[in-house]
Amino acid sequence: MENLNFINPLLHGIVPEEIENKVLNFSSKQLVCAGVGTLIAGALLKKAGHQKTGAMIAGLALPILATAVYKKVSQKAKDKKANSDTEHESVTEHA
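Residues numbered from 1 in each chain as written. Predicted model: local features only at pLDDT ≥ 70, side-chain atom pairs only at ≥ 80, totals over all residues. Heavy atoms only, no water.

Colleague: Account for the overall build of the chain, with residues named and values stated.
Modeller: Summing up its helical and strand segments, the chain has four helices and zero strands in all. Moving toward the C terminus, one meets the helices and strands of the chain in the order α-α-α-α. By residue count, 8% of the 95 residues in the chain fall in the buried class. Taking contacts inside the chain between residues at least 6 apart in sequence as the whole, the part at least 24 apart equals 51%. If you sum the accessible surface of the chain, you get close to 8,300 Å²; carbon and sulfur atoms cover 63% of it. (Helix = DSSP H or I, 4+ residues; strand = E, 2+ residues; numbered from the N terminus. Buried < 20%, exposed > 50% of the residue type's maximum accessible area, 1.4 Å probe, protein only. Contact = heavy atoms within 4.5 Å. Areas by Shrake-Rupley, 256 points an atom, 1.4 Å probe, with all protein chains shown as cover.)

Here it is in structure tokens:
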């Protein structure tokens, strides 16, 4: 009963290769284009008289754009951390 790793291995950071390879990995530029496209499609649908459908489609734009911003910010944070780690390692090697 002590070893409960078999219950949910995802909680322990074990990700099967199948799941890791199947995850769609969109770039932040692709997400921004999708968000802007969703806004345009929603506006066009509203102009065409499909108010509810246009509102629903345009409502998807904000989460898509927020995902793009989050992805860009997290990537910059990872890059900054990697740069600071390499600088710290080079300083300790020279000491």
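Colleague: Summarise the confidence of the model for the chain; cite the residues concerned and give the values.
Modeller: Interpretation of this model should avoid reading the predicted coordinates in detail wherever pLDDT is low. The share of residues in the chain with pLDDT of 70 or more is 67%, and the mean pLDDT across the chain is 81. Confidence, expressed as mean pLDDT per element, reaches its minimum in the chain at helix α1 (residues 17-22) with 62 and its maximum at helix α2 (residues 28-47) with 96. (pLDDT = per-residue confidence, 0-100.)

Colleague: Account for the packing of α2 against helix α3 (residues 51-59), naming residues and giving values.
Modeller: Between α2 and α3, whose axes approach to 7 Å, the crossing angle comes to 170°. Classified by the angle between their axes, α2 and α3 sit roughly antiparallel to one another. Residue-level inspection shows T38, L39, A41, G42, L45 and K46 of α2 in contact with α3, the latter providing Q51, T53, G54, A55, I57 and A58. (Axes fitted to C-alpha atoms, helices over the stretch in contact; angles between N-to-C directions. Parallel < 35°, antiparallel > 145°, perpendicular 65-115°, else oblique.)

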